[in-house]
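Structural description and commentary
Chain residues, written in single-letter form:
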Amino acid sequence: MRAVRRWFFRAALAVSAVVLLLIGLGVLINPWTTPYMFAEDRRLGGVTYEWVSIDQVAPAMARAVVAAEDANFCNHWGFDVQAIRDAIEDGGNRGASTISQQTVKNVYLWHGRNYTRKALEALMTPLLELMWSKRRIVEVYLNVAEFDKGVFGVKAAADHYFGVAPAHLSDLQAARLAAILPDPKGRSASRPSDFVRKRTRAILSGAATIGKDGRSDCFES
C-alpha cells in the first residue's frame, strides 16, 4: 500500500512538473498549433492559422472579445464566481467560462463536455493567471480561437471575412467577429443573421463601457 501511495505521489509530481513547464513556456513561446487545431487540420486537410502580435491587432478587437465573452476579465483570477452563480440559477443554460478558462482549453486540452477535461481546466486556470499577464492571455486567446471552419486566429479571420489586416479592423468588424465566437461554424461575420446583428450591437455597447470604466485596463498597453 505504501508503494502504491509513493507511486501516485511521484506520478502527481511528474504531471505537475509537466503542467508547470508547459504553462511557463507559454509565457514566451507562441503556440504553433493546438490539440483541436491539429485535429481539425487532419479532418479538413488543412487549416488557416498565422500568429500575430497583439500590438498588431486593433484595440477594438480585444475589447470586443472581452465584452462578449468575459466582461469582468480584469477583475477575476480565472473564474467569474458571479457568472457561475448566475449560470447555476439559470439551470446551466448559459455559459460561465472565462477567457482564461477558454485559453487553457484551447491551447492545452481538448474540446467537448468531459469531467476529466473540466477538472484539468480548473486546476490549470489559476496557474495560467499566476504565470501569464492578462494581456498575454488575451493575445493567445485571439490567436487560437476558431472563427470559421478551418479558420483560426484573428489574423486569418480578419482576412477571411473582411479582407483586411487585424490592425485595420473597425469597431463594427471586431464586434462582428466577437459575436460569432460561441458558434463559429454556425454564424458568419460577413453575412450576419439578425441574431448576430443584435449581438453585435450589444458587444459594441459593452466594449465601449469596459473601455470607459477601466475594465479593459489590464490588457491594453
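Residues numbered from 1 in each chain as written. Predicted model: local features only at pLDDT ≥ 70, side-chain atom pairs only at ≥ 80, totals over all residues. Heavy atoms only, no water.

Contact geometry for helix α3 (residues 59–69) and helix α10 (residues 194–213): axes closest at 8 Å, N-to-C directions at 110°. One finds that α3 runs roughly perpendicular with respect to α10. Contacts from R63, A64, V66, A67, A68 and E69 in α3 reach R199, I203, G206, A207, I210 and G211 in α10. (Axes fitted to C-alpha atoms, helices over the stretch in contact; angles between N-to-C directions. Helix = DSSP H or I, 4+ residues; strand = E, 2+ residues; numbered from the N terminus. Parallel < 35°, antiparallel > 145°, perpendicular 65-115°, else oblique. Contact = heavy atoms within 4.5 Å.)

Among the surface-exposed residues, R2, R5, R6 and R10 lie close enough to one another that they form a single positively charged patch. Among the structural elements, R5 can be located in helix α1 (residues 2–25). (Patch = residues over 30% accessible without salt bridge, like charges linked within 9 Å, V, L, I, M, F, W, Y side chains within 5 Å. Areas by Shrake-Rupley, 256 points an atom, 1.4 Å probe, with all protein chains shown as cover. Salt bridge = Lys/Arg side-chain N within 4 Å of Asp/Glu carboxyl O. Lys, Arg positive; Asp, Glu negative; His and termini not counted. Charge placed at Lys NZ, Arg CZ, Asp CG, Glu CD.)

Within the largest apolar cluster, 56 residues are counted, with the highest numbers of intra-cluster contacts made by M61 and F147. Those residues in contact with F147 that sit more than four places away from it in its chain are L142, G153, V154, A157, Y161, L177, I180, L181 and P184. (Core = buried A, V, L, I, M, F, W, Y, C linked by side-chain atoms within 4.5 Å. Buried < 20%, exposed > 50% of the residue type's maximum accessible area, 1.4 Å probe, protein only.)

This brings us to the packing of helix α5 (residues 99–108) against helix α7 (residues 134–144). At a closest axis distance of 9 Å, the pairing of α5 and α7 adopts a crossing angle of 50°. What the angle tells us is that α5 and α7 run oblique. Crossing hand, α5 versus α7: left-handed. Contacts from I99, S100, Q102, T103, N106 and V107 of α5 reach α7 at I137, V140, Y141 and V144. Residue classes in the contact of α5 with α7 are distributed as six nonpolar, four polar and no charged. (Left-handed = near helix turned anticlockwise from the far one by under 90°. Nonpolar A, V, L, I, M, F, W, Y, C, P; charged D, E, K, R; others polar.)

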